[in-house]
Amino acid sequence: SQTVLLEEALQRAEKANRAKTSFLTNMSHDIRTPMNAIMGFTNLALENIENPEKVQEFLSKAVVSSKHLLSLINDIIDMSHIESGKLQLEESPCSLEDIMRELSTIMHGQAETKQQSFVVDYSAVTNTKVICDKLRLHQVLTNVVGNAIKFTPVGGSVYAFVHQTSATDKTASYEFHVKD
């Protein structure tokens, strides 16, 4: 009986170790994409230093990629907090419109790379001012949309939308959908 329990514990530990290795391998690959974009846009800005409009464009894209990279790094930190039971939501007022607009900006480049159509729609939201953990919501949306873009063939379409399903004086319910 003791031996069986030890064998089961060993199997669980080995499975968890394989899952962590897989997670870190995938994250390492995912981190390279925005890092390469940051380096590329920064180099393009330096090469076009005499053209302020192009420099502004390249640096703006580098900032978007930097935010995406930070989001990936936060995912790794969150994984550690989840495992230790220390993850806390940071609820604050924010705008669903802003969150969806940022999602569009960040993910548009990835979709363009695969010649995909990428549409973000929040027109079915009546109450855009909400209280939520903006960082975590953003992380979930970028992960789901990122997977949709990754697994949709070249030339395909990805559609992300949110709609409000109900509302009272003080609360509302929302559904987020990603279609590929």
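Scope of this entry: the structure provided in the associated data block.

Bringing the overall build of the chain into the picture now. For the chain, the helix and strand inventory stands at four helices and five strands. Starting at the N terminus, the α and β elements of the chain follow one another as α-α-β-α-β-β-α-β-β. Against the compact-globule benchmark of 16 Å for 180 residues, the chain has a radius of gyration of 20 Å, which places it well outside the compact range. With the principal axes as the frame, the chain shows a C-alpha extent of 75 × 50 × 30 Å. Across the 180 residues of the chain, 28% fall into the buried class. Within the chain, residue pairs in contact and separated by at least 24 positions form 72% of the contacts whose partners lie at least 6 positions apart. A total accessible area of about 11,800 Å² is found for the chain, and carbon and sulfur atoms account for 57% of it. Charged side chains of the chain number 17 positive and 22 negative; the gap between the two group centres comes to 3 Å.

Moving on, we get to the sheet that holds strand β2 (residues 117-124). The strand order β2-β4-β5 describes an open sheet built from three strands, whose pairing is mixed. Two strands in the sheet have a free side with no partner beyond their single neighbour: β2 and β5 (172-179). Here the strands of the sheet are splayed against their neighbours by 15° on average, with no regard to which way each runs. Judged from the six bridges that link them, β2 and strand β4 (residues 157-167) form a sheet pairing that is parallel. If you follow S117 over to β4, its bridge partner there is S157. With respect to the sheet, helix α3 (residues 96-113) is in contact with β2, β4 and β5, its orientation differing from that of β2 by roughly 175°.

The subject of this paragraph is the pattern of salt bridges. Counted under the stated rule, the structure contains five salt bridges. Put simply, D98 and R101 hold a salt bridge, and the shortest N to O gap is 3.3 Å. Here R101 and D98 lie together in helix α3, a separation of three residues that amounts to about one turn. Residue class for R101 comes out partly exposed when judged on its relative accessible area of 39%. Ionic pairing is found between D133 and R136, a salt bridge with its closest N-O pair at 2.9 Å.

In this model, Q115 sits at a positive phi of 55°, which is unusual for a non-glycine residue. Along the chain, Q115 turns up in the loop between α3 and β2.

The next subject is the pairing of strand β3 (residues 129-132). Both faces of the sheet carry side chains from a regular strand, because those side chains alternate between them. Burial along β3 is one-sided: the residues V130 and C132 are buried and none of K129 and I131 is. The pairing of strand β1 (residues 92-95) with β3 spans four bridges and is antiparallel. Note that in β3 the partner of P93 across the bridge is I131.

Glancing now at the packing of α3 against helix α4 (residues 134-151). At a minimum axis distance of 10 Å, the contact between α3 and α4 shows a crossing angle of 35°. Between α3 and α4 lies a crossing of right-handed hand. When α3 is examined against α4, the residues L96, I99, M100, E102, L103, I106, M107, Q110 and A111 are found in contact with a partner set consisting of K134, L137, H138, L141, T142, V145, G146 and I149.

Cut-offs used in this document
- Residues numbered from 1 in each chain as written.
- Predicted model: local features only at pLDDT ≥ 70, side-chain atom pairs only at ≥ 80, totals over all residues.
- Heavy atoms only, no water.
- Helix = DSSP H or I, 4+ residues; strand = E, 2+ residues; numbered from the N terminus.
- Rg over C-alpha atoms; globule rule 2.2 N^0.38 Å.
- Buried < 20%, exposed > 50% of the residue type's maximum accessible area, 1.4 Å probe, protein only.
- Contact = heavy atoms within 4.5 Å.
- Areas by Shrake-Rupley, 256 points an atom, 1.4 Å probe, with all protein chains shown as cover.
- Lys, Arg positive; Asp, Glu negative; His and termini not counted.
- Charge placed at Lys NZ, Arg CZ, Asp CG, Glu CD.
- Pairing = 2+ DSSP bridges.
- Axes fitted to C-alpha atoms, helices over the stretch in contact; angles between N-to-C directions.
- Salt bridge = Lys/Arg side-chain N within 4 Å of Asp/Glu carboxyl O.
- Left-handed = near helix turned anticlockwise from the far one by under 90°.

Keep in mind these numbers describe shape, not what the thing actually does.
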